[in-house]
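# Geometric and topological summary
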Amino acid sequence: MSSATSPARTPQLAKLPWRQVPVAGDARQRGHGRAGRRTVKITDVAAGLAFPHAAQAIQIVRRRRPLNGKKPAAETVYAITSLTAFQARPAELAAIIRGHWLIEDRLHWVRDMDWDEDRSRVRTGNGPRVMASLRNLAITVLRLTGKSSIAAALRYHARRPGRPLQTILNC
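Residues numbered from 1 in each chain as written. Predicted model: local features only at pLDDT ≥ 70, side-chain atom pairs only at ≥ 80, totals over all residues. Heavy atoms only, no water.

## With respect to the pairing of strand β4 (residues 56–66)
- When strand β3 (residues 34–44) meets β4, the two strands line up antiparallel, connected through 11 bridges. Looking at β4, one finds that Thr39 is bridged to Val61.
- Note: β4 against strand β5 (residues 73–81), 9 bridges, orientation antiparallel. Paired with Ala57 across the bridge in β5 is Ile80. (Pairing = 2+ DSSP bridges. Helix = DSSP H or I, 4+ residues; strand = E, 2+ residues; numbered from the N terminus.)

What follows is the structure, given as C-alpha cells:
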C-alpha cells in the first residue's frame, strides 16, 4: 500500500467522486482524553492516475473531539493500493492502515519522543541508519523484557551502567 502524500498527487485522489462512494467502515473510539470517529471509503480506480498500478483509492476521515473542551479537529487522508477488491476487502484494508499507525505509535513516536531523533545531529553516511537500528534494537529488547514505558525504562537503565547489559542477557 502506498500513501498519497505527495502534494502534486494528493489533489488527484481528493478530486475523485467521494460523495457518491458509500462508507465501507465506521469506527468510534474513546481514549487518550478524546473521542474519535474514523470513516473509510474505498473505490476502484481506473487508469489515468499518477499511480500506474493503483487498483483502489482509499479516503479516511478522522474526527477527534477532545474531552477537555478544546476545539475538535478533522483530518482527511488518502491512500492507494495495488490490491484489487477481490484481494483485499474494505475491512482488511482498514486493518492494514490501522496496523501502519500501530507501528507509527509504538516505534517512530517512541524514537522521536524518547530519543528526540528528529533533532539528531547524525546526518552523514550510514550514521542515521545505524542509529535508527540501535534505537529499534533497544526498544525491542525493552519490550521483550515486559517494559511498557520506554521512557521509564531508559531512565532506569541510565542510573547504573551495568543495567543495560544485564537486561540484554536476560532477554
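## Comments concerning the pattern of salt bridges
- Taken as a whole, this structure holds 6 salt bridges when the rule is applied.
- Residue Glu75 is joined to Arg62 by a salt bridge in which the shortest nitrogen-to-oxygen separation is 3.0 Å. Of this pair, Glu75 sits in strand β5 while Arg62 is found in strand β4, placing the two residues 13 residues apart along the sequence.
- For Asp116, the salt bridge goes to Arg119, with nearest N and O atoms at 2.6 Å.
- Asp116 sits in the partly exposed class, given a relative accessible area of 31%. (Salt bridge = Lys/Arg side-chain N within 4 Å of Asp/Glu carboxyl O. Buried < 20%, exposed > 50% of the residue type's maximum accessible area, 1.4 Å probe, protein only.)

## Looking at helix α4 (residues 150–159)
- Looking at α4, one finds that the buried residues are Ile150, Ala153 and His157. Axial view of α4: buried residues confined to an arc of 60°, hence all on one face. In α4, the exposed residues that point more than 90 degrees away from the buried face are Ala158 and Arg159. (Arc of directions from axis to C-beta.)

## Describing the side chain of Arg135
- Within the secondary structure, Arg135 sits in helix α3 (residues 127–144).
- Judged by relative accessible area, Arg135 falls into the buried class, the value being 10%.
- Setting aside chain neighbours within four positions, we find Arg135 in contact with Arg111, Trp115, Glu117 and Ser120. (Contact = heavy atoms within 4.5 Å.)

## Details of helix α2 (residues 90–115)
- Over its 26 residues, α2 extends 36 Å from the first C-alpha to the last, a length consistent with the 38 Å expected when each residue adds 1.5 Å.
- Along its length, α2 shows its largest kink, about 35°, at Trp109.
- Those residues of α2 not exposed but buried are Leu93, Ala94, Ile97, Val110 and Arg111.
- Residues of α2 that are buried make contact with β3, β4, β5, α3 and α4.
- Looking one or two places after α2, you find Asp116, whose phi comes out positive at around 50°. (Expected span 1.5 Å × (residues − 1). Bend = angle between axes of the 7 residues up to and from the residue.)

## Concerning the confidence of the model for the protein chain
- Looking at the protein chain, the pLDDT average stands at 85 and 93% of residues meet or exceed 70.
- For the protein chain, the element scoring lowest by mean pLDDT is strand β1 (residues 2–3), at 43; α4 scores highest, at 94. (pLDDT = per-residue confidence, 0-100.)

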